[in-house]
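Chain by chain, the residues:
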Number of protein chains: 2
Amino acid sequence: MSDWINVAVDAMGGDNAPEEVVKGAVNAVLESKRIRVFLTGREDAIQKELEKYTFPAEQVEIVNAAEVIETAEPPVAAIRAKKDSSIVKGMKLVKDGSCDAFVSAGSTGAVLVGGQVLVGRIKGIERPPLAPVIPTTKGASLLIDCGANVDARPSHLVQFAKMGSIYMEYVMGVKNPRVAIVNIGAEEEKGNALVKETFPLLKACGDINFIGSIEARDIPEGGADVIVCEAFVGNVILKMYEGVGGTLIQVVKQGMMTSLRSKIGALLVKPALKETLKAFDLEQYGGAPLLGLNGLVVKTHGSSKAVEVKNSILQCIAFKEQKINEKIKEQIGQKAEA
Amino acid sequence: MSDWINVAVDAMGGDNAPEEVVKGAVNAVLESKRIRVFLTGREDAIQKELEKYTFPAEQVEIVNAAEVIETAEPPVAAIRAKKDSSIVKGMKLVKDGSCDAFVSAGSTGAVLVGGQVLVGRIKGIERPPLAPVIPTTKGASLLIDCGANVDARPSHLVQFAKMGSIYMEYVMGVKNPRVAIVNIGAEEEKGNALVKETFPLLKACGDINFIGSIEARDIPEGGADVIVCEAFVGNVILKMYEGVGGTLIQVVKQGMMTSLRSKIGALLVKPALKETLKAFDLEQYGGAPLLGLNGLVVKTHGSSKAVEVKNSILQCIAFKEQKINEKIKEQIGQKAEA
């Protein structure tokens, strides 16, 4: 029984809760015999959703929480006030060791604050970064930090680089991952004050494969495996991925509908196109881990459907099996403490 | 004769110089009887290119410059040392009033430094921003600043907002342009230190139509007409536009080539698609103006072809006719001085 990977799941978080969250959780336990989910939220609502499915009862539990933290609420106040919310209860299950991980599609702010305040940082880790896996033409890269710590300092970015490197190597299976810092030119002397100060520190790290600067233009082509940046910049990169991608696909679709000739063509290319573009779907990898905490916290998109929730839950297996947090503790936390 | 719009053009700048630059300059004078170009660079090389075309002789002049500033050269040192370079000579033509504008596809750093040092800022303007026009599904937006001033201060961003507003209204013809600041959330309390400090200042500006924050995701859909940001962030936005756009189009093309069925479809959709995607081409609007200088300096892509050079030259007409610099002086420069 100690072999279970216990994952608390915020059944009330996101635009499609509880339907899609519960469905995703059920699909996760059907896919892996090792996962046990703890659905936090309103018992009656969760129960009603669960009745739609058949699954091994021992793999699904409900943890009642009467309150919900809304996206618009100020995160710090909400985490403090709503002790009986699905987010606070889920975080506490990780804190007290009952669960290995917590997955939420709810308020990003509340998840970030809750992660720091309730789950707590690994000793020596200065700031926990939010690190989504993004698709590239070469496979996938880790974007770290993409929204947790604006106005970060150079020492934070160095820890991001190391944590990201461990994650890509042991969870995503990329050997000796290439680490780069986002910059506005390829040369070492380019950049803003933060990048100029961080660059030599990364260069001096013996334990990562630092390849220098990466321009944003080279990210979609997989120019690096771990893309280090301050949270404001990371957030802009992620949102541009979504925005330019979504808009262009819409423009392509419209273009195909402009004439009879192109409409017939569209019917013929559609299946092939769908397959290729799937590889470029931001949601295929599940949510973004918040790294450096005493446990794993995964933030999935607010608009997550069942498949993303399922993938977010399943990524907790590799995270636990590969002992990511133990590696972070040994390689970064203890050094920082020493 | 005083009615001429005199444009100095760096005939040696960019990957396709002098061929494409000279071709673009010739096409510009063929398209507008009001333009006179001064091609700066190696006389023999320019002469050789000019011999390929027929054009009114009074509209094209060569200004010999023996040196070329390479992209890799440190900008400040290059501007100082290479007095006989195509960039320095072109800038000086603007400085001494012989020309209204200078267009270059050469070293961005040298153009930015030269603009400040040789052409000089309008009195009261703290920092001249680089402001490309980017395509959106609604038409076009101005991205300001996109690379000239990293680590800018709030007062700089306020001036960017005002200059950008004037440019979009009078050069691009957008009535009462919507001004927004790039942020990582829509709410006023979101953001990094710079954005939090700048937001209330923009809100207090009576002379611009400030609509609040814009998330990067909403830029391609034309969520604002003037997109204000610090240069590092602006550069990342521009490069993501290029990177995601280029990669996705490549992925779409590959997708269409995966089966016989899709290949036939591709032939049918190609003409329509080409037309639609043209509207999304970053290069259609010509280069990016460097605003707030005593004259106009336009930086075009290093990879510019003749059409972008031509468009960059032609945008100087509206800039002069609409008296953009006079408006900047009156509405921003004098206030800042007072």
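Residues numbered from 1 in each chain as written. Chains lettered and ligands numbered in written order. Predicted model: local features only at pLDDT ≥ 70, side-chain atom pairs only at ≥ 80, totals over all residues. Heavy atoms only, no water.

Asker: In this structure, what is going on with unusual backbone geometry? I would like to understand it.
Answerer: Trans is the common state for peptide bonds, and a negative phi is the common state for residues other than glycine. Residue and element names in this part refer to chain A. Each neighbour pair has its own omega, and for A17 with P18 the value is -5°, a cis peptide bond. Tracing the chain through its elements places P18 in the loop between strand 1 (5-10) and helix 1 (19-31). Phi is positive for N176, close to 45°, though the residue is something other than glycine. (Helix = DSSP H or I, 4+ residues; strand = E, 2+ residues; numbered from the N terminus.)

Asker: What's the story with the side chain of A:T300 in this structure? I'm lost.
Answerer: Residue and element names in this part refer to chain A. Of note, T300 is situated in the loop between strand 11 (296-299) and helix 10 (306-321). A relative accessible area of 1% places T300 in the buried class. Each residue touching T300, except ones within four places of it in the same chain, is listed here: V103, S104, A105, G287, E308 and S312. (Buried < 20%, exposed > 50% of the residue type's maximum accessible area, 1.4 Å probe, protein only. Contact = heavy atoms within 4.5 Å.)

Asker: Just checking my understanding: could you explain the pairing of strand 1 of chain A for this structure?
Answerer: Regular strands place side chains that alternate from one sheet face to the opposite one. All names here are of chain A. Of all the 6 residues making up strand 1, 6 are buried; the element is thus mostly covered by neighbouring parts of the structure. Neither face of strand 1 is left uncovered, since the one carrying I5, V7 and V9 and the one carrying N6, A8 and D10 both have all their residues buried. Alignment of strand 1 against strand 2 (residues 35-41), held across 6 bridges, turns out to be parallel. Within strand 2, the position partnered with A8 by the bridge is F38. For the crossover that starts at strand 1, traverses helix 1 and ends in the parallel strand 2, the hand is right-handed. The pairing of strand 1 with strand 4 (residues 101-104) spans 3 bridges and is classified as parallel. (Pairing = 2+ DSSP bridges. Right-handed = clockwise from strand over helix to strand, strands pointing away.)

Asker: How should I be thinking about the environment of B:V269 in this particular structure?
Answerer: Within the fold, B:V269 resides in helix 9 (residues 260-278). For the pair formed by B:V269 and B:I214, sequence separation is 55 residues and the distance between their alpha carbons is 34 Å. Sequence-distant contacts of B:V269, defined by excluding residues within four places in its chain, comprise A:M256, A:S262, A:G265, A:A266 and B:M256.

Asker: What is the right way to look at the sheet that holds strand 2 of chain A in this model?
Answerer: By way of backbone hydrogen bonds, the strands of a sheet pair with one another, either parallel or antiparallel. Residue and element names in this part refer to chain A. Across the sheet, 6 strands lie side by side as 3-2-1-4-11-10; this open sheet has mixed pairing. Only two strands of the sheet have a single partner each, and these edge strands are strand 3 (60-64) and strand 10 (288-290). Across the sheet, the mean angle separating the axes of adjacent strands is 25° when strand polarity is ignored. Across the sheet, helix 10 is in contact with strand 1, strand 2, strand 4, strand 10 and strand 11; its angle to strand 1 comes to roughly 145°. (Axes fitted to C-alpha atoms, helices over the stretch in contact; angles between N-to-C directions.)

Asker: Just to check I follow, could you spell out the environment of A:A101 for this structure?
Answerer: All names here are of chain A. Take A101: it is sitting in strand 4. On the basis of relative accessible area, A101 is assigned to the buried category, the value being 1%. Residues A101 and N149, spaced 48 residues apart in sequence, show a C-alpha to C-alpha distance of 21 Å. Excluding anything up to four places from it in sequence, A101 contacts N6, V7, A8, V94, L296 and C316.

Asker: Would you mind going over the confidence of the model for chain A with me for this structure?
Answerer: Detailed reading of the predicted coordinates is not advisable wherever pLDDT is low. Summary statistics for chain A give a mean pLDDT of 92 and a share of 99% for residues scoring 70 or more. Predicted complex, confidence summary: ipTM 0.89, pTM 0.91. (pLDDT = per-residue confidence, 0-100.)

Asker: Would you mind showing me how to read the packing of aromatic side chains here?
Answerer: Two aromatic rings, taken as a pair, are described by how far apart their centres are and by the angle between their planes. Under the criterion given, the structure shown has 4 aromatic pairs over all chains. On the numbers, 6.3 Å between centres and 50° between planes, the contact of A:Y167 with A:F319 is tilted. Of this pair, A:Y167 sits in helix 6 (residues 154-170) while A:F319 sits in helix 10, placing them 152 residues apart in sequence. Take A:F319: its relative accessible area is 7%, and that puts it in the buried class. Taken together, a centroid distance of 5.2 Å and an interplanar angle of 75° make the contact between B:F199 and B:F210 edge-to-face. Of the two residues, B:F199 is situated in helix 7 (residues 193-203) and B:F210 in strand 8 (residues 209-215); the sequence distance between them amounts to 11 residues. (Phe/Tyr/Trp six-rings, centres within 6.5 Å; stacked < 30°, edge-to-face > 60°.)

Asker: Help me understand the relation of the copies chain A and chain B in this model?
Answerer: Each of the two chain copies can be brought onto the other by rotation about an axis and movement along it. When chain A is fitted to chain B, the residual RMSD is 0.0 Å, and the transformation amounts to a turn of 180° plus an axial shift of 0.0 Å. Such a turn and shift between the copies fits a two-fold axis. By C-alpha distance to the rotation axis, the residue of chain A lying nearest is A:G265, at 1.9 Å. Of the interface residues in chain A, 100% have counterparts in chain B that sit at the interface too, so the contact is made through matching surfaces. (Least-squares fit on C-alpha atoms with pLDDT ≥ 70 in both.)

Asker: Help me understand the pattern of salt bridges in this model?
Answerer: What the rule picks out here adds up to 24 salt bridges over all chains. Close ionic contact of B:K239 with A:E215 constitutes a salt bridge, the shortest N to O distance being 2.3 Å. Here B:K239, found in helix 8 (residues 231-256), pairs with A:E215, found in strand 8 (residues 209-215), and the two come from separate chains. Of the two residues, B:K239 and A:E215, neither departs from the other in class, the shared state being buried. The partner of B:D84 in a salt bridge is B:K89, with the nearest N and O atoms 3.1 Å apart. Classification of B:D84 by relative accessible area gives partly exposed; the value is 26%. Salt bridges linked by common partners bring A:E215, A:R217, B:K239 and B:E242 together as one network. (Salt bridge = Lys/Arg side-chain N within 4 Å of Asp/Glu carboxyl O.)

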